[in-house]
Amino acid sequence: MKSIDIAYKIKNRISEIESVEELVSWLNIAIEQKQSDELITEEELISCLFLEDYNKFYRILLTKKNGELRSVYIPNKTLRKILNVLKEIFTILYDNLGSAHGFIIGKSIITNAYHHTGQLLVINIDLKDFFHSISHAMIEKSLLRESYGFAKMNPDILNKIIILCTHYVDYYNQSILPQGSPVSPILSNIVCINLDYALNQFARRSGLKYTRYADDITFSGECRKMPRSFYAELESILKEEGPFSINNKKTRLQYKSGKQKVTGLVVNKKVNVDRKYIKNVRMLLHIYEKFTPLEANNIFKHNSKTNNKLHQVLRGKIEFIGMVKGKNNYVYLKMLERYVIRKDELIKLDKLQL
């Protein structure tokens, strides 16, 4: 069944849902179109709806590059199953014609960076605590506002859906969109539809281009510096459409005379991989080729302080280069050739160590 038919079926049923049983049937539309036998049961949905918040998600702390800790909330197995279905439904309904490039089929860090190539000035701005700034009320307002049909849904049923997608955190004193949930990325895009429109209009008035990849917003253009009023108006829009706030520590103004990067990619002339990244992959290839498979893995684990396998990390990095530069690129093909020569040896070592 075509996605346009699924979207119609999902929208058409929204106003008819009056019970948990009917909600289960609606959720299973997305599963049936994938011809999966893992349908959601009424018992599974009820068990998640009546769980205490501390049983819905468990919190883990990840260390950021700057040493600070990030809270990530992982849903339990049953809830994850339901949230994955809601992710499918919201993805089908979401209109991705705007300035967002994160978590959208057909868009990526490459399409995001492409819009800012060859500009005199590139401004990167990070939204502080992005996912956890999105509340239950903001999600409800966004779903009711957009033309998905949720305005016709029984308010109690809509509230149940949002309860499944959010998590109460004492620190914020409210239910927030938890980073780590499979449905959070697409819901954040839906919540930010008005924000993206407002910032795109603001960029045009300022003679700039605008895109957003999750919490990374980028402006670029041919101006040499930005007036003070630029940041004041930007903060006003973020507050009105969120409230969101700027992480000033991560704000970067990058001029054409130096390296300009957007979502990790160089954009001075065209979208490209940073030379430091290429240099790092070449260093890993040298270790990969010079030492025995066991020695190479041990050196990599010691230097990177990770349990990941060298050949797996290396293949991923090489494929990333191919994704950005193109699969016919000489650098990519040469690295891939060097990798393939010893690939079987390292895979064999992995099996022996299991």
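This text goes with the structure placed above it.
Here is a short report on the structure shown in this document. Throughout, a residue's number is its position along its own chain's written sequence, starting from 1. Since the coordinates come from a predicted model, pLDDT governs what is reported: local features require at least 70, and pairs of side-chain atoms require 80 or more to be given and counted, while whole-chain, interface and lining totals use all residues. The side-chain numbers reported here are obtained from all heavy atoms of the structure, hydrogens and water having been left aside.

Buried Ala, Val, Leu, Ile, Met, Phe, Trp, Tyr and Cys residues form a nonpolar core when they are joined through side-chain atoms within 4.5 Å. Note on classification: 1.4 Å probe, protein chains only; a residue is buried when its accessible area is under 20% of the maximum for its type, exposed when over 50%, partly exposed between these limits. Grouped together as the largest cluster of nonpolar side chains are 73 residues, with contacts concentrated most on Trp26, Leu86, Phe90 and Phe219. Only heavy atoms matter for contacts: two residues are in contact if any of them lie within 4.5 Å across the pair. The residues touching Leu86, leaving out its near neighbours within four places in the chain, are Trp26, Leu27, Ile161, Leu164, Cys165 and Val183. Listed in part, the 29 residues of the second largest apolar core include Ala214, Leu285, Leu310 and Tyr332.

Together, Tyr58, Ile60 and Leu62 make up a nonpolar patch on the protein surface, roughly 260 Å² of accessible area in all. Every helix listed is a DSSP run of H or I at least four residues long, and every strand listed is a run of E at least two residues long, numbered separately from the N terminus. The residue Leu62 is located in strand E1 (residues 57-63) in this model. Exposure above 30% relative accessible area and the lack of any salt bridge qualify a residue for a patch; like charges then connect within 9 Å, and the nonpolar side chains Val, Leu, Ile, Met, Phe, Trp and Tyr within 5 Å. For accessible areas, the Shrake-Rupley method is used with a probe of radius 1.4 Å. Any residue's cover is judged against the shown protein chains and nothing else. The working definition used for a salt bridge is a side-chain nitrogen of Lys or Arg within 4 Å of a carboxyl oxygen of Asp or Glu.

On to the pairing of strand E2 (residues 69-75), then. With five of its seven residues buried, E2 lies for the most part within the structure. In this analysis, strands are considered paired if DSSP registers two or more bridges between them. In this sheet, E2 lies alongside E1 in antiparallel orientation, the contact comprising seven bridges. If you follow Leu62 over to E2, its bridge partner there is Arg70. Counting the residues that bridge the hairpin from E1 to E2 gives five residues, and of these Gly67 lies at a positive phi of roughly 95°.

Inspection of every chain in the model, using the stated rule, returns 13 salt bridges. Of the charged contacts, one joins Glu44 and Lys81 as a salt bridge, the two residues approaching to 3.1 Å between their closest N and O atoms. Of this pair, Glu44 sits in helix H3 (residues 42-49) while Lys81 sits in helix H5 (residues 77-93), and the two are 37 residues apart along the sequence. Among the salt bridges present, the one from Asp274 reaches Lys261, with a minimum N-O distance of 3.0 Å. Taken together, the residues span a long stretch of sequence, with Asp274 in the loop between strand E10 (265-266) and helix H12 (275-290) and Lys261 in strand E9 (residues 261-262) at a distance of 13 residues. Looking at Asp274, the relative accessible area reads 7%, which means it is buried.

Shape descriptors only; they carry no functional weight alone.
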